[in-house]
Amino acid sequence: PEARARYEEALPLYRSIGDKLGEANTLSALLRLRLAETRNIQAAERELEQVLAMRRRIGDSYGLAADCGNFAIALLNLGHQAKAKEYALKARSIFEKIGLPSIVEMMDSVIAASNDELPTD
């Protein structure tokens, strides 16, 4: 709740000064919080697409990849392996293009985890 409140306070400030990077970072964090609370993947994907479009407009390749990777991790934590893999692959591709091998390895781990079967009860 505290994190959400801080992000919601920050969003209008970033918008008022025209800080698109701060706005995108804040929107990204808020959508992951909402995803954890609501588990509504379709709504979160729609929000993510808006953030990714903003990242593309400002030329923020790292943020674009980070958003996809963080979203993949959030989906994996919710047990949605197929969707997690989809976003991890997107993130991996971008991180590889911008030359961040250690983060590429991290995405490889997320991809591998998304291939694992969940235990059944």
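(A) Up close: the packing of aromatic side chains. Taken as a whole, this structure holds 2 aromatic pairs when the rule is applied. Judged by centre distance (4.9 Å) and plane angle (80 degrees), the ring pair of F71 and Y87 falls under edge-to-face. Residue F71 is located in helix α4 (residues 61–77), and its partner Y87 is located in helix α5 (residues 81–97); the two are separated by 16 residues in the primary sequence. Looking at Y87, the relative accessible area reads 2%, which means it is buried.

(B) Fine view of the nonpolar core. Formed by 31 residues in total, the largest nonpolar core has its most connected members in L35, F71, L75, Y87 and F95. Looking at this core, the elements with two or more residues in it are α2 (20–38), α3 (41–58), α4, α5 and α6 (101–115). At 8 residues, the largest contribution of residues to this core is made by α4. For F71, the residues in contact, after removing those within four places along its chain, are L31, R32, L35, A44, E45, L48 and Y87.

(C) Focus on α6. Between the first and last C-alpha of α6 there are 21 Å, a value that for 15 residues agrees with the 21 Å anticipated at 1.5 Å per step. Inspection of α6 places I103, V104, M107, V110, I111 and S114 among the buried residues, and these make up the whole buried set. Down the axis of α6, the buried side of the element spans an arc of 115 degrees, and every buried residue falls inside it. Residues of α6 that are exposed and point more than 90 degrees away from the buried face comprise P101, S102 and E105. Contacts from the buried residues of α6 go to α4 and α5.

(D) Structural context of the pattern of salt bridges. For the structure on display, the rule yields 14 salt bridges. Sharing partners across several salt bridges, the network here consists of E45, K83, E86 and K90.

(E) Representation of the side chain of D67. One can find D67 in helix α4. Reaching out from D67, the side chain makes a polar contact with the side chain of S28 at a distance of 2.6 Å. One polar contact links D67 to R55, side chain to side chain, over a distance of 2.7 Å. Ignoring any residue separated from it by four or fewer positions in sequence, one finds D67 in contact with S28, R32, L48, V51, L52 and R55.

Reading guide: rules and limits
Residues numbered from 1 in each chain as written. Predicted model: local features only at pLDDT ≥ 70, side-chain atom pairs only at ≥ 80, totals over all residues. Heavy atoms only, no water. Phe/Tyr/Trp six-rings, centres within 6.5 Å; stacked < 30°, edge-to-face > 60°. Helix = DSSP H or I, 4+ residues; strand = E, 2+ residues; numbered from the N terminus. Buried < 20%, exposed > 50% of the residue type's maximum accessible area, 1.4 Å probe, protein only. Core = buried A, V, L, I, M, F, W, Y, C linked by side-chain atoms within 4.5 Å. Contact = heavy atoms within 4.5 Å. Expected span 1.5 Å × (residues − 1). Arc of directions from axis to C-beta. Salt bridge = Lys/Arg side-chain N within 4 Å of Asp/Glu carboxyl O. Polar contact = N/O pair within 3.5 Å; in protein donor to acceptor, adjacent residues only side chain to side chain.

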